[in-house]
Amino acid sequence: VQLQASGGGLVQAGGSLRLSCVASGRTFSGYSVAWFRQAPGKEREFVAAFHRSPSVTYYRDSVKGRFTISRDNGKNTVFLQMNTLRPEDTAVYYCAASTTVITSTIRSSNAYAVWGQGTLVTVSS
């Protein structure tokens, strides 16, 4: 499967963006999918994930209540709705997928074999 992320842009603090990750090449429903981000000079960090079985979502603490991950298997797409954005959310956001990730490692970037290109989110204060 190949992943294509989009939806990034420049937004003021308090605003919203919706990122999309479209999969091609294989049916997406058999994959667990995650979003990670990497700010300048910082390591890549986990943002949110949707495990395929059980269908459970996971979030980093700083985005809980503001970000929502969802998927539309019919469109082979995973979304990341980001509300109440903060300047510290500024980063390049990446989607990643795996058929083998387990819940105990779902927050680890090493658990994902397939990555999309990043999409830049810039939040101005």
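Just above, that's the structure.
The paragraphs below set out a description of the structure included in this document. Just so you know, these numbers come straight off a predicted model, no measurement behind them. (Residues numbered from 1 in each chain as written. Predicted model: local features only at pLDDT ≥ 70, side-chain atom pairs only at ≥ 80, totals over all residues. Heavy atoms only, no water.)

### Structural notes on the pairing of strand β8 (residues 77-82)
Quick reminder of the rule: Any residue under 20% of the maximum accessible area for its type is buried, any over 50% is exposed, and the rest in between are partly exposed; the area is computed with a 1.4 Å probe on protein chains only. By the criteria applied, helices consist of DSSP H or I runs no shorter than four residues and strands consist of E runs no shorter than two, each listed in order from the N terminus. DSSP calls a pair of strands paired once it identifies at least 2 bridges connecting them.
Most of β8 sits out of view: 5 of its 6 residues are buried. Across 6 bridges, the pairing between strand β3 (residues 17-24) and β8 is antiparallel. Directly across from L17, in β8, lies its bridge partner M82. The sheet contact formed by strand β7 (residues 67-72) and β8 spans 6 bridges and is antiparallel. Paired with T68 across the bridge in β8 is Q81.

### Description of the pattern of salt bridges
We apply this condition: A pair is scored as a salt bridge if a Lys or Arg side-chain nitrogen falls within 4 Å of a carboxyl oxygen belonging to Asp or Glu.
Tallied over the entire structure, the rule returns 5 salt bridges. Here R37 and D89 are joined by a salt bridge, their closest N and O atoms 3.0 Å apart. Of this pair, R37 sits in strand β4 (residues 32-38) while D89 is found in the loop between β8 and β9 (91-98), placing the two residues 52 residues apart along the sequence. Accessibility assignment for this pair places R37 and D89 in one class, buried.

### Comments concerning the state of the cysteines
By definition, a disulfide links the sulfur atoms of two cysteines through a covalent bond. In plain terms, the rule: Here, a disulfide means two cysteine sulfur atoms that sit within 2.5 Å of each other.
Applying the stated criterion to the full structure yields 1 disulfide. What pairs with C21 in a disulfide is C95, and their sulfur atoms sit 2.2 Å apart. In this structure, the disulfide formed by C21 and C95 twists by about 70° around the S-S bond and is classed as right-handed. With a gap of 74 residues between them, C21 in strand β3 and C95 in strand β9 connect regions that are remote in the sequence. Just as C21 is buried, C95 falls in that class too.

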